[in-house]
Amino acid sequence: QISTVLSDWTRKHQLRELPRVGMGESSGASFLFFVFKELNLRSMAVYNTPQGYLEEEWETAIPTAFLTMPLDEPIATRVAENKLKLQQLNISTQLYKVTPRPFKDPLLCTARLPELPQEFCGRMFQTMEKDFSSLLNSDGFALDNVRSGKWTRFFTTLDAEYESYYASMENKEKEESSLYDTESAGSGRSWLWAIM
């Protein structure tokens, strides 16, 4: 039984008195609707599942946060219905919508890829605007699959630019003192290597 496994685990790790919160995505989220009582969950957060409480269990439902992608209309519609039913029962609920975010601002680059220097993020966008403007629409969304030849050429160009950028930083460091690790001088680091 799942409750026995969880009880043994919480006892072993001395967590018996802590409130239990369930989290799951897709089938894992669906599973929580079938075991929330047996696991004695106090609340749960479910992502990307159309599953709701079984009809006979709506009255014993627990506070539930839903995360969904509006572009997935069938699931988003069902999630909205589940949230509304919880609200009607006066059970705490929240719906968070995960939406695409355009990638057109150098500040977003720094936030999403903190491993890259801000200056290089700026250069990345300049390169895109100058030589690869057909990759994104005016709202900043990709027009082609990022595995297409156009994107491959863009990434190859970025790789060469990053190698050049990194080499110039190493040269600057030699002049000004240690800003960068000089042990890897001339290693031809790639911008993809920097973020992995």
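Right, let's walk through the structure included here.

Procedures and definitions
Residues numbered from 1 in each chain as written. Predicted model: local features only at pLDDT ≥ 70, side-chain atom pairs only at ≥ 80, totals over all residues. Heavy atoms only, no water. Phe/Tyr/Trp six-rings, centres within 6.5 Å; stacked < 30°, edge-to-face > 60°. Buried < 20%, exposed > 50% of the residue type's maximum accessible area, 1.4 Å probe, protein only. Helix = DSSP H or I, 4+ residues; strand = E, 2+ residues; numbered from the N terminus. Expected span 1.5 Å × (residues − 1). Pairing = 2+ DSSP bridges. Right-handed = clockwise from strand over helix to strand, strands pointing away.

Once that is clear, we can look at the packing of aromatic side chains. Between two aromatic rings, the relevant description is the distance of the centres plus the angle of the planes. For the structure on display, the rule yields 11 aromatic pairs. Ring geometry for Tyr53 versus Trp58: centroids 5.3 Å apart, planes at 65 degrees, classification edge-to-face. Across the pair, exposure class does not vary: Tyr53 and Trp58 are buried alike. The interplanar angle of 65 degrees and the centroid separation of 5.3 Å between the aromatic rings of Phe132 and Phe154 together place this pair among those described as edge-to-face. Here the residue Phe132 occupies a position in the loop between α5 (118-131) and α6 (149-176), and Phe154 occupies one in helix α6, the gap between them amounting to 22 residues. Pair check on accessibility: Phe132 and Phe154 agree, each one buried. Among the aromatic residues, those joined into a cluster by ring pairs are Phe33, Phe36, Tyr53 and Trp58.

This next bit is on α5. End to end, α5 covers 20 Å across 14 residues, agreeing with the expected 20 Å (1.5 Å per residue, within 8%). Within the sequence span of α5, burial applies to Phe120, Cys121, Gly122, Met124, Phe125, Thr127 and Met128.

A few words now on the pairing of strand β1 (residues 21-25). Across the two faces of β1 the burial differs, with Gly22 and Gly24 buried and Val21, Met23 and Glu25 not buried at all. In the sheet, β1 pairs with strand β2 (residues 43-47) via five bridges, with the strands oriented parallel. Directly across from Gly22, in β2, lies its bridge partner Met44. In this region the chain leaves β1, passes through helix α2 (residues 27-35) and returns to the parallel neighbour β2; the handedness of that crossover is right-handed.

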